[in-house]
Structures are given as C-alpha cells and as structure tokens.
Amino acid sequence: MTAMRKSFVHQPPSVEADATAAARMGLADLSLRPRTGFKGPGTMAWLAGQGLVVGEAANIAYPQSSGLLVAKLAPTEALILGGIDGNEATIDTLDRTWSIDTAAGCYALPRRDTHVWLRVTGSAAPVMFSKICAVDLRAAKFANHTIAQTSVARLNAIVVRDDLGATPAFHLLADSASADYLWRCLIDAMAEFDGAPIDENALHRLL
Amino acid sequence: MTCPLNGPRNISEFVYGGEVVTMPDPARSTDAEWADYVFLEENPAGVVREWWCHAPTSFWFIAERDTVRDEILRTYPAGEVFKDRIDFP
Amino acid sequence: MTMRLANGAGSLIDREKPVAFTFEGQTIEGLEGDTVASALLANDIWTLSRSFKYHRPRGPLTMAGHDANTLVQLPDEPNVLADRLPIASGLTVKGQNYAGSLARDRRSLIGTVGGFLPVGFYYRSFYKPRGAWKVWEPIVRDFAGLGRVNVDSRHGYYDKQYLFADLAVVGGGPAGLSATLEASRAGLEVILIDEMPAIGGALNFARFVNGHADGLADAVGSDPNIQVLSGATCTGWFADNWLAVVRGNRFYKLRAKQVAVATGAIEQPMVFRNNDLPGVVVGSAAQRLIRLYGVKPGTRAVVVAANADGYGVALDLHDAGVDVAALVDLRHDASPCHFSDQVRDAGIRVVAGHAVSEAHGRDRVTGVTVAAIVGEGDCAPSGERIDCDLLCVSVGYAPAAGLICHTGIKLGYDGDTHMFTAGGTLRDGLMASGSVTGAHALEAALAQGRRAGWAAAKALGANPGAEPAVPNDLGNRGVNHPWPIFPHPKGRDFIDFDEDLTVRDIKNAIADGYSEIELVKRFSTVGMGPSQGRHSALNTARLTAKATGRDVAKVGTTTVRPPLLPEKFAALAGRAFTPERLTPMHYRHKDLGATMMVAGSWWRPAFYGDPASREETIREEALAVRNGVGLIDVSTLGGLEVRGPDAAEFLNRVYTFAYTKQPVGRSRYVLMTDRTGAIVDDGVACRLHDNHFYVTATTGGVDAVYRQMLWWNAQWRLDVDVANVTAAYAGINIAGPYARAVLAPLCDLDLGAEAFPYMGVRTGTVAGVPARLLRVGFVGELGYEIHVPSSCGEVVWDALMAAGAEHGIRPFGVEAQRLLRLEKGHIIVGQDSDGLTHPYEAGMAWAIGRKKPFFVGGRSIEIQMKRGLARKLVGFTLVDPNAPIPEECHLVVRGKEIPGRVTSCSYSPTLEKVIGLAYVAPDQAEIGSEFDIKVDGGRLVKAVVVPLPFYDPDNQRQAM
C-alpha cells in the first residue's frame, strides 16, 4: 500500500457523530468536487452569456438557481463552485464551452488543480478561524455570501461564507500544494472546539 | 491599510512596491536620468505615493502616505494614475 | 505559623479547597485561589529569591505582579512572578539566584562584607587587559542574574488568536468597569482586559475615602455584550489600536476601534536604608493580602503614610488583628483626612513629620528607626527604634501609563500634585480614565470611566445620550509626597530593587556626566530590570532633577516600549505557522525512500536513498540519465499562463529575449532582469496559441516574477492576463537516451525528432491524461518535460515508472539534476548569479534580443556595458586532478585581489573530472587561462578556463 494523504481519508464513526460534529465544528474535504474559475476583463460578460447571474459588487458570492455558487473575487474574476449536489455537468459544460478564441478577454483558470477546497462548518467555525486568520468572520460582522481573500495560517486563501441552513459554514480554498499543511493547521485549531473531520453527507444533513 | 479591492487588512498582508515614479523614455533619457529612475527615491518628509500589493490577491494599488505621521491617507487602484496604454515605439 | 485570617476575608481563595505544593523542597499548604506568594506569606515565609547583584533576600513588595522581588524558579521556567502564579497541586517552586540555600546564600556576603559594586563597575573593571572580559564574563553572569533556563524542558502548546471589539478597555478597576458598562449600554461590543483573576481592581482590596461602586463588577460580568479577559495582560499598544494581550499560553491580537486605558496607578516605594528587606511593602500590598487572600501581613506593623490611603492601610491592619505600632506621617502639618478620627479611635499612635530612616533585620524586617524629618530627604541622625515585622508605605503613586507611552505620548509632571500625568483623550480612538490620569477619588474615576465609554460610543456613531459629567476635583492632591527619598549615609537605600541600585548609584551616574534621564538609565541600568522602572522611574526622575537643578517635568521619563511585562518567546511564536508545499507525487517519493530536502517552501527529493550513501546514489542517478533513462519531479517549477492579444508583446518587455515572432508549438528560453539589469529569473516560454504562452519560472522565483509582471502591467495596461498556475501542474521530466522509448507507448503524439523537435511544445495525452509536453534540455539528454493537472500527477508518474521498468528507469533527485545541468553549463539563478549579475557577465548575451525597443533592465545593462565587464562567469576544471575540490563561494584570488568566486563545483562521474563555474576577471576569461581558487585551509588550487558546456559541446544528445 502506498502512502497517501492520510489526513484526507475520513471514515465517519457514525452518521450521527458526523452530523453533530458538522453542527459544532466540522471540516470536510471537497477537493474532488467540481469547481472552475475565469478571469480577465471580458469575464463577467462571458459568464452572463453562459446564463450566470452575477451582481456588481466584488468579494460577494452569488448563488445560482442551478446550485452553483459564483464567487466574484474581483470585477474581472470569478471562482465557480459546484453546489452541494454536485453540478459536475454544469461546470464541465462551462469548461468545455470556454475557448481562448471565442471568450474575448476571459481566461479559464484551473481551479480544481490550483486550489484545495475545504468546507469548515459549525457554530465554533468563526472563533476557530480567529486563531488562524485576521479577518473577523463572526456572523454579525461577515454576512452570508461575503468573501475574504486573506491569509489563513500564513497561506493565501479564499474564504467564502455560505451557511448550511442555520449553521455557519465557510468554503476555504488555498494552494493545493499546501493542502496537507493547511489540513494539519485546521485540525490543530479546531481541537479546542472538539472539531472533527466530516464527510459530505454530514453537510447534507445540516440543510 | 485599506485595500481598494479587499478592504482594511493587517499590514502584514501587503507588500511594498516602492514609490510611484514615471519611467523616463529609455531611448532618450541620459544615463544619469536613468540611474536616478532606477536607484533614487525622493523619500520626502510629507505625502508620498507608493505602490502596495495585497499579497493574497496580488492586487497592486497606490497608497498616499504621510511619512512624517506614518499615516495612510488614501488608497486607490493604479488605474487612477496609469490610465493609458504605454508603448515603446 | 499560619497567618491566614480566621474570618471570611479573602475574595479569591476557597477555604474549602486546600492545595499543597513545594517551595525549596518544603511542602506548603495553600488554598485554591492563592498565588505562590500569598500561600508562602500565609505560612509566614517572606524570602522568595535573592537579588540580582548583591544576593540580598527579597520578598513581595506589591502583591500586584508588578515587581521583580517575587521572581521564582519553576522546573521548566525561570523568572515567574510568584504574586501572579496560581498555586497548583504538585507545583515545584524554588527561589532564584542563590548559592547553597535560599536562606543562607553564600554570595550574600558580597552585599554585607564586601563593598557594594558601584555603577559602571563592569565597564571599568573587566575590560582591561584585552580579553579579560572573556574570563570574567562567565563568572559575572553566574553571580548576577535571575533564574536558570532548563534547556531540556519541552516546548509547551502555545497559540494565538485574533480578537475584535468596538472598544477595548484595559484595566478592570472602577474606571474601566464604568467605561465598559457605559459603552455596552450604548450598544458597543466591548472587551475588558484585566490582570487579576477577578475584575474590580482596587474595589476588591482598597479602603476608599468615600463613594461606592457596589454591583459594578457584577453588572459587567453579566452583560452579554462584554467579553471579560481576566488574568490577562495587555503587553503593548501598536498602531491602529492593535493590542497585544497575553493570557496563559495564548497570545491575543486584539483589534479595537477604540481603546480606553484604565490601567490604574502603581503604588511607589519609599527610599531609606534597607528598604528592600522582606516585610517592607507598599500599603496596597497589605490590603491585597488581607482582602484578596485572607492573609494577615504581619503581627506588628509600622505604617508610613503621606496620604489618606496610608491611614486606610493602618485601619485595615488594625481590623485584621495586626498590632499597628505607629503611623508615621511624612507630613508635618497634614490636614485631617476621612480616616484620621478612626485611626485615633483605634488607638493608633500617629507620628507626624517623621520618616523611617532605616529598617533593621537580616532576612526580615524586625524593626525600624523613626526619625524626625529635618529637611527635604533629610532625617535627624538618631531616632526612635520601633520593633515590627511589617512596614507598609503609602507615599504616592505613579500612573501605570505604559500603554499610553507606547503610543508615543510622553508623560508630564505636575509640580502641584507631584505626579506624572497623562489624561483625557490622548489621540483618536484612545482615551484614559481613572487613577492613571491622577483621578484617585473614586467618584472621579467612575465618572471619567463613564465619559470614556460615552466618548467611544460617540466616536463610533452610536447615540450614547448626554455627556457624563466629571467632577473638577480628581482627588489627586495630597496623594503623592514630593520627596519620599531619605538617603542614608551608610547606603543600601535602594532606588531600583531589580538592579540593586541605590541613591548613590544614581548620583554617581549623574556626577559622571550622564545627566539626561536616558543616559542615567543606560549608564546605571536603572529601570532596565523586569519591572521596567515601575517603582524606580519617579524617584529617579526626582533625584536627577535635583542633582541637575531642573524641574522633574524637564527631566521627564525614559521611552517606554512594548512589552510591558515579559513575553515568552513561546507566546510570540505561537503555533509557528510555516507553510510547507508538497508536490503531487510527494508520497511516491517517500515510498521510494527519497531523502527529502527543502527548496523554498517545497519539499523535494534530494536523491532516492539513505543519506549514508548520498554521494554514491547521486552518481548512480546521474549516470542513469546519461546512459539509460531517469525521471524527476519538476512540479515545483513555477507555471504562469500569459494570455491575451498582447501576450507576446508583454513577454518581449519583461524578458530579455524576443518573443513576438516565436512560432506556436515552440518554446524559447526566458531570462528576466530587474530594473538594474540584474538577472532575477529564468525558464521557458511555450507558445500554445498566438495569444497564449505557458511560461515556466524558477521554484523560488515564481511568486516574485508573477507579482512583478502584474506590477509592470498595472502601468503598461497591455491587453494581457497573467495567472499563476504553479500548483495546478504536476511536472515530470523524463530524460535519457531511452526517454522516447518509455514515453511513446503512453502518449498519443508522434514523438519523432522531426514531428516533435528539440524546443518543441505539444499538447496531447500521457497515460490518458491531458498533458503539455516540452522538449527541453536542462540536463542535456533527450528529454520531455510533461505537465499534467496536479490531481493526475501520481497516475502519470506511476505509468512512466511502469513503462520504464524494462529500460531500468530511475527516479533522480535535485542533487543529480544539479550535477547534470552543471555538466551542461546551465546556470541556476541565485546560485550562479547574484543580485548584481547581468546577462553579459553570466555569458548569456545570446539571450538578449537586441532589436526590440525595450525590455526591463535593458537600458541599465547597456549603461553598465559602456564601462566594460567587471567579471565573467566561466567554466573551469582543475589543473591538478588530485587537488581538493573547491566549494561554492570559495574565492578566486589574484595577488591581493578577489576578482570572483566559485558558484558551482562538483566531480562529474560522466567526465571523470572536477568541473565548475566561477566568476573571474575579464582578462582571465579566455579559454586556457589559469586562475587560483583559495579553498578551505587557505590553499591555492589552480584552475583552468574551459569551454562550456563541459558535456556534449555540440548539444547533439538533447536534440536526438
């Protein structure tokens, strides 16, 4: 058996235990889930042409009726996350439709490979973040669907608040090569809140 | 410091990029003028325009800073100063 | 003997919960809530440690965690404040800085028999003859000092946390509590930081003249808008109201929109002979002992007072059953205070116009001499001896204004109140209230606190209602005595307990010409100890003022810098976040037994095998590439997508070469120079489309390259987009004569030399994975650099390893790659170049596009070349093959000149000789020229310049 990223292998003790952890302090690895990104001056126009509805303000995430979440990182840049139910096909379609010849001023970014995608959930999540991140992510100060592009455990990171039902929850994306390091930092920071790795099913149960 | 794109952040999220200076025409400037551009900064006691980069987003912008009071007066996107395409004929 | 009071006194202790610990090997019984100091005093043990210089016995002075007299030693930690450290079952505590035993320190003789060491003694005594300090230093350091560091102690778990608040209130006394409540009522989110285990400050222990604040602490404690950090120390104020707060093993970084400083005042000692004896305390220390810990501070006490608080202390002692032998009032004609009648009614003898001129006793005060004051700081030569085991002094306060001073504000001195002053709104978002401003009257402190809370709310746009009124009388008069300094002809009249400095030491420093307060400090070390002048700055300023004929206000105080209290390195380090990057094939390398090395933030295989067989392994790996086929993980190479109509024009500007006419499907070397013309990075640019280049950059350089590219285009505004996709691609370089044979079955491309020539770029699939393939020749053999999505890196690596098995494929690490590229004469930026190297010096004139109008660094290179070359990078071998092998940075020497240095050097197993790169003088750069390299030990080794590359000079192998 070869060594692998053991930290990412999660066998939930039980479905209930996972759901409890998710509500309190959970960490899920969504890195295998679909995501993509585009940037360049023509990005917003091109995305609109693909039927995505994105507002004016940057550093806001715009949920789509399809279940996608379009995180507008800058006036000229968007990160697109598959929803909780997948959207593999929708994101594939975006990636396949894009071409440097037809998407004027819009350039695809390989977000699946540049960024690890983690989901940080639970009532303790904002306080846990305050141990590794300087931006105030508490509910009253960081509205749902707000984005912070900042430093998390000294890594450049994208933090998107996207609650699961009434449970505070964040998407956390950072350099994929630093994934093991980031995972270790999070598990360490979560420990005092009885945080635990959770699997995707636990996320569903919060809805 | 307040990043025009990302809002107020710890100064540790930013990288300094030197004073905002205009590059002299490389084809016409004298050696001395060029050396001045490359090596010398004005460093005034007063308001200075500086390049700063928000590292997590690699976003470059310009800050006006009072070097006497070490106070940042204003930050804004580089496009306010650099409006037009620059070409070298 | 237990000194624990029988009644219900002691708000911090739990009488139901005894806790045992050891001090100096002796088992001590305390109560939960006790500090080490209070538990020891409850057992009538007063000597906690020995002093820094003279090894004099020292005991608690303030019971507030503000003085250095209570520093004790724990097994894993020196210099712990015994009046802060809570006791715990099994705790092992020892005294500090003694030889033999704490009770009988052999070195204390230095303070009794030998003469006192005058200030400047070290400077004058140990520096001659030359080298003497080396002999004396260890002895002096052994004698002088604090606790001992246990280098075997294990690193504890320390971490950090950010906190955010509308208002941070520092200090949980009456002013801080009322500021907190007022702001919270106006809707602000407030964090209250307090040093003690329970908020309340002086409300918990002092005897107030008048006024009440009942229920204030409870109201704060039950308010959900208020977060109370008890037992926490704010150690520093930094720009934009960023506060450093230490509590236990956590370091808080608090960002507050507004800060209210309500840090109170520090009761000051009086200066007289033997004023450092255990049993001599400030009055508030006795009150803390009684009310916080239920400890009777002594059996027979003398109180020195210069204010009403001293009368309150006498009453508190009396109420606690201490026999108050006398209340010595420094004032001749003090008007009666609120407590005067009670003191008289208690039958306490008041001696006005007198001072304690001397304390008696060896390890504990056994009596004092009370003498009439005959002039400022001058006692009558003889006086009355009064036996006592406790001396309390209440002669005034200094504001605990450290945080205020961190903001750059200098304290003033009020000649009427004899106080250092700082008050009101100090700067935007920073207010002070309470006794730190001189408001010693409770009502005034409460009102100031309310106003500070109100002002914070107002500043943040809340509607806090009408401005709270503050009484005109702050109660700051008659609190500080102007001159509580009574130098004794026989000395030992300590100004600074931390450093064992006496009045004479300060006077001598000034007499030596160090008359400015900052110089007095530096020469005498006053205020440099752990208590940072909290008990010495005021009296030092007074002495300096008098000796130099100036006002205290003119003399001022020394600059106060963070931290206010010592911060442990562990607290500053926290979790020590150091990002580590792993390539997609990291665990494959581990499985293959690679010895890993750090490359920037990455882990990379140095070679595959045990460190013990390092040289042999590297050699085998290199030979495998030359003679068979090898595989190296190059995922750490930077990857940049440069896209848009101006992509080629952009590269033309940021790199030295020419790219506008580069065909699609070809790669071209890129060399980046900075504005000064110095080489900063290199790589290749692959043109995948007219408007699309995939550019590689060095492992360590890509982030800076990316940032610089964006910076330039923020000015040029070309129609181009740059994206850093380094982590998106796993890079695998397969190289060696069999590379094509291994790759072909896995790849959908025609790999023939004509279809896919050297420096060609293709996109296709490898093992079914979409891939970018580059024919590049860093190691100088037929090779393909395969870039695939990082998530597929392991798949492709495994496929190549499997396909290569029949050809004896061998993974090779960074070390073999460095050797192979050296054989080809390729430079590594940053190793074979430095911050000044321009392309001509590095022999890379070929990489400069001369026909283009501009590239970054071009003009600067041109100007430098007008002056001619200063040095040149050349390839060399050794004249004597058996000479020692030079190493990187060994110098090239010519007579007394150093024209250059070796940048790379190694034994080449392929060429069977030593090869290297070195900077030499231009006139030494001709092929065949000889030059000398000074190797370790000073020996000169003769080298000869040879043509580059060393290996395969016609570059036929990489183009196969």
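All figures in this text were calculated on a predicted structure; none of them were measured in a lab.

K.L.:
Can you help me understand the overall build of chain B in this one?
P.N.:
Helices and strands together make up the secondary structure of chain B, namely one helix and six strands. Of the regular secondary structure in chain B, the N- to C-terminal order runs β-β-β-α-β-β-β. For chain B, with 89 residues in total, the buried portion stands at 46%. For chain B, the proportion of contacts with a sequence separation of at least 24, taken over those separated by at least 6, is 44%. When the accessible surface of chain B is totalled, it reaches about 4900 Å², and 52% of it is carbon and sulfur.

K.L.:
Would you mind showing me how to read the sheet that holds strand β37 (residues 692-697) of chain C here?
P.N.:
Backbone hydrogen bonds hold the strands of a sheet together, and the pairing may be parallel or antiparallel. Residue and element names in this part refer to chain C. Reading across from one edge, β35-β36-β37-β34-β38 is the order of the five strands in this open sheet, with antiparallel pairing throughout. A single partner strand is all that each edge strand has here, and the edge strands are β35 (667-673) and β38 (721-724). Here the strands of the sheet are splayed against their neighbours by 25° on average, with no regard to which way each runs. Here strand β34 (residues 638-643) runs beside β38; their pairing, made up of four bridges, is antiparallel. Considered in β38, the bridge of R643 is made with D721.

K.L.:
Teacher, can you tell me more about the interface of chain A and chain B here?
P.N.:
How big an interface is tends to be stated in terms of the accessible area lost upon association of its parts. With 12 residues of chain A in contact, the opposing surface of chain B contributes nine residues. Buried area between chain A and chain B, summed over both chains or domains, comes out near 690 Å², and the portion from carbon and sulfur atoms is 50%. Taken as a group, N59, Q149 and N156 of chain A account for 51% of the area that chain A buries against chain B, more than any other trio of residues on that side. Our count for the contact surface shared by chain A and chain B stands at zero salt bridges.

K.L.:
Just checking my understanding: could you explain unusual backbone geometry for this structure?
P.N.:
Residue and element names in this part refer to chain C. A cis amide bond links P562 to the next residue, P563, at an omega of 0°. Mapped onto the elements of the fold, P563 is located in the loop between α15 (552-555) and α16 (569-573). Here the amide bond leading from L948 into P949 is cis, since omega sits at -10°, within 30 degrees of zero. The topology assignment puts P949 in the segment after β49 (940-946). The backbone of A576 sits at a positive phi, close to 50°, despite the residue not being glycine.

K.L.:
Sorry if this is basic, but what is going on with the interface of chain A and chain C here?
P.N.:
Contacts between the two partners involve 38 residues from chain A and, on the opposite side, 40 residues from chain C. When chain A packs against chain C, close to 3100 Å² is buried across both sides, 50% of that on carbon and sulfur atoms. Taken together, chain A and chain C are joined by eight salt bridges. R184 of chain A is the salt-bridge partner of E580 of chain C, the closest N and O atoms lying 3.1 Å from each other. The interface formed by chain A and chain C contains 18 residue pairs in polar contact (both at pLDDT 80 or more). Considering each element in turn, the side of chain A that touches chain C owes the most residues, five residues, to helix α6 (residues 179-190) of chain A.

K.L.:
I tried to follow the domain arrangement of chain A on my own but got confused; where do I start?
P.N.:
Residues and elements named next belong to chain A. If you check the domain split of chain A, you get domain 1 (14-31 + 113-206) and domain 2 (35-111). One C-alpha centre belongs to domain 1, the other to domain 2; they are set 23 Å apart. On the side of domain 2, 16 residues touch domain 1, which itself brings 19 residues to the contact. Buried area between domain 1 and domain 2, summed over both chains or domains, comes out near 1500 Å², and the portion from carbon and sulfur atoms is 61%. The largest contributions to the domain 1 side of the interface with domain 2 come from W117, H145 and I147, which together make up 34% of the buried area. At the surface where domain 1 touches domain 2, the tally comes to zero salt bridges.

K.L.:
Sorry if this is basic, but what is going on with the sheet that holds strand β6 (residues 71-77) of chain B here?
P.N.:
Residues and elements named next belong to chain B. With antiparallel pairing, four strands are arranged side by side in an open sheet as β3-β4-β5-β6. Single-partner strands in this sheet number two, and they are β3 (14-19) and β6. Taken pair by pair, the neighbouring strands of this sheet meet at an average axis angle of 35°, ignoring direction. Relative to strand β4 (residues 47-54), β3 runs antiparallel, the two being bridged by four bridges. Looking at β4, one finds that E19 is bridged to E50.

K.L.:
How should a negative patch on the surface be read in this particular structure?
P.N.:
Judged by side-chain charge, E33, D36, E41 and E42 of chain B come together as a negatively charged surface patch. Its place among the elements puts E42 of chain B in the loop between α1 (31-39) and β4.

K.L.:
I keep staring at a nonpolar patch on the surface and nothing clicks. Help me out?
P.N.:
Residues and elements named next belong to chain C. On the surface, a cluster of nonpolar side chains totalling about 370 Å² of accessible area is made up of W133, V135, W136 and I139. Along the chain, I139 falls in helix α4 (residues 132-143). Overall, I139 belongs to the partly exposed group, its relative accessible area being 40%.

K.L.:
Help me out: how do you make sense of the state of the cysteines in this one?
P.N.:
Where two cysteines share a covalent bond between their sulfur atoms, that bond is called a disulfide. Residues and elements named next belong to chain C. Scanning the model with the defined rule gives zero disulfides over all chains in all. The thiol sulfur of C337 is not disulfide-bonded, and the nearest other cysteine sulfur, from C392, lies at 16 Å. C392 supplies the cysteine sulfur nearest to C388, a cysteine that is in no disulfide, at a spacing of 9.1 Å. Accessibility expressed as a relative area gives 4% for C388, which makes it buried.

K.L.:
I'm lost on the nonpolar core in this one. Help?
P.N.:
Soluble globular proteins tend to pack their nonpolar side chains together in the buried interior. Residues and elements named next belong to chain C. Within the largest apolar cluster, 89 residues are counted, with the highest numbers of intra-cluster contacts made by F21, L317 and V368. Sequence-distant contacts of F21, defined by excluding residues within four places in its chain, comprise Q26, T27, I28, V36, A39, L40, I87, A88, G90, L91 and V93. Listed in part, the 60 residues of the second largest apolar core include I679, V829, A847 and F950.

K.L.:
Please explain the packing of aromatic side chains as it appears in this structure.
P.N.:
Each aromatic ring pair is characterised by the separation of its centres together with the angle its planes make. All chains considered together, the criterion is met by 28 aromatic pairs over all chains. Judged by centre distance (5.7 Å) and plane angle (80°), the rings of F876 of chain C and F931 of chain C are edge-to-face. Of this pair, F876 of chain C sits in strand β44 (residues 872-878) while F931 of chain C is found in strand β48 (residues 930-934), placing the two residues 55 residues apart along the sequence. By relative accessible area, which is 0% here, F876 of chain C ends up buried. On the accessibility criterion, F931 of chain C (2% relative accessible area) is buried. Taken together, the ring pairs connect W51, W60, F82 and F88 of chain B together with F650, W711, W712, W716 and F854 of chain C into an aromatic cluster. Cation over ring: K546 of chain C sits above W483 of chain C, and NZ or CZ is 4.4 Å from the ring centre. For the cation-ring pair, R675 of chain C lies above Y37 of chain B, with the distance from its terminal atom to the ring centre recorded as 5.1 Å.

K.L.:
Help me understand the packing of helix α5 (residues 174-185) of chain C against helix α11 (residues 442-459) of chain C, please; the structure alone is not making it clear to me.
P.N.:
Angle between the axes and distance between the axes are the two parameters that describe a pair of packed helices. All names here are of chain C. At a minimum axis distance of 7 Å, the contact between α5 and α11 shows a crossing angle of 35°. Once α5 is placed against α11, the crossing between them reads as right-handed. Contacts between α5 and α11 involve P174, A175, S178, A179, E182 and A183 from the first element and L442, A445, L446, G449, R450, A452, G453 and W454 from the second. A class-by-class count of the residues in the contact of α5 with α11 yields nine nonpolar, three polar and two charged.

K.L.:
Which parts of the structure should I look at to understand the pairing of strand β5 (residues 71-74) of chain C?
P.N.:
All names here are of chain C. Here β5 shows a buried face lined by L71 and Q73 and a second buried face lined by V72 and L74. Bridge count between β5 and strand β6 (residues 77-81): three bridges; the pairing is antiparallel. Within β6, the position partnered with L71 by the bridge is L81. Linkage of β5 to β6, two consecutive antiparallel strands, is achieved through a turn of two residues.

K.L.:
Even after reading the chapter, I still don't get the pattern of salt bridges, so can you show me in this structure?
P.N.:
For the coordinates displayed, the defined rule picks out 72 salt bridges over all chains. In this structure, the salt-bridge partner of R119 of chain A is D162 of chain A, at a minimum N-O distance of 3.6 Å. Highlighted residues: R119 of chain A in strand β7 (residues 115-121) and D162 of chain A in the loop between β9 (155-161) and β10 (169-175), separated in sequence by 43 residues. Like R119 of chain A, the residue D162 of chain A is buried in the burial classification. The salt bridge partner of R349 of chain C is E384 of chain C, with a shortest N-O separation of 2.6 Å. Of this pair, R349 of chain C sits in the loop between α9 (340-345) and β18 (350-352) while E384 of chain C sits in strand β22 (residues 384-387), and the two are 35 residues apart along the sequence. According to the relative accessible area criterion, R349 of chain C is partly exposed, its value standing at 39%. Here the salt bridges share partners, and the residues they tie into one network are R85 and D87 of chain B together with D646, E649 and R653 of chain C.

Definitions and cut-offs
- Residues numbered from 1 in each chain as written.
- Chains lettered and ligands numbered in written order.
- Predicted model: local features only at pLDDT ≥ 70, side-chain atom pairs only at ≥ 80, totals over all residues.
- Heavy atoms only, no water.
- Helix = DSSP H or I, 4+ residues; strand = E, 2+ residues; numbered from the N terminus.
- Buried < 20%, exposed > 50% of the residue type's maximum accessible area, 1.4 Å probe, protein only.
- Contact = heavy atoms within 4.5 Å.
- Areas by Shrake-Rupley, 256 points an atom, 1.4 Å probe, with all protein chains shown as cover.
- Pairing = 2+ DSSP bridges.
- Axes fitted to C-alpha atoms, helices over the stretch in contact; angles between N-to-C directions.
- Buried area = accessible area lost by both parts, 1.4 Å probe.
- Salt bridge = Lys/Arg side-chain N within 4 Å of Asp/Glu carboxyl O.
- Polar contact = N/O pair within 3.5 Å; in protein donor to acceptor, adjacent residues only side chain to side chain.
- Domains from an automatic or database assignment.
- Patch = residues over 30% accessible without salt bridge, like charges linked within 9 Å, V, L, I, M, F, W, Y side chains within 5 Å.
- Lys, Arg positive; Asp, Glu negative; His and termini not counted.
- Charge placed at Lys NZ, Arg CZ, Asp CG, Glu CD.
- Disulfide = S-S within 2.5 Å.
- Core = buried A, V, L, I, M, F, W, Y, C linked by side-chain atoms within 4.5 Å.
- Phe/Tyr/Trp six-rings, centres within 6.5 Å; stacked < 30°, edge-to-face > 60°.
- Lys NZ or Arg CZ within 6 Å of the ring centre and 35° of its normal.
- Left-handed = near helix turned anticlockwise from the far one by under 90°.
- Nonpolar A, V, L, I, M, F, W, Y, C, P; charged D, E, K, R; others polar.

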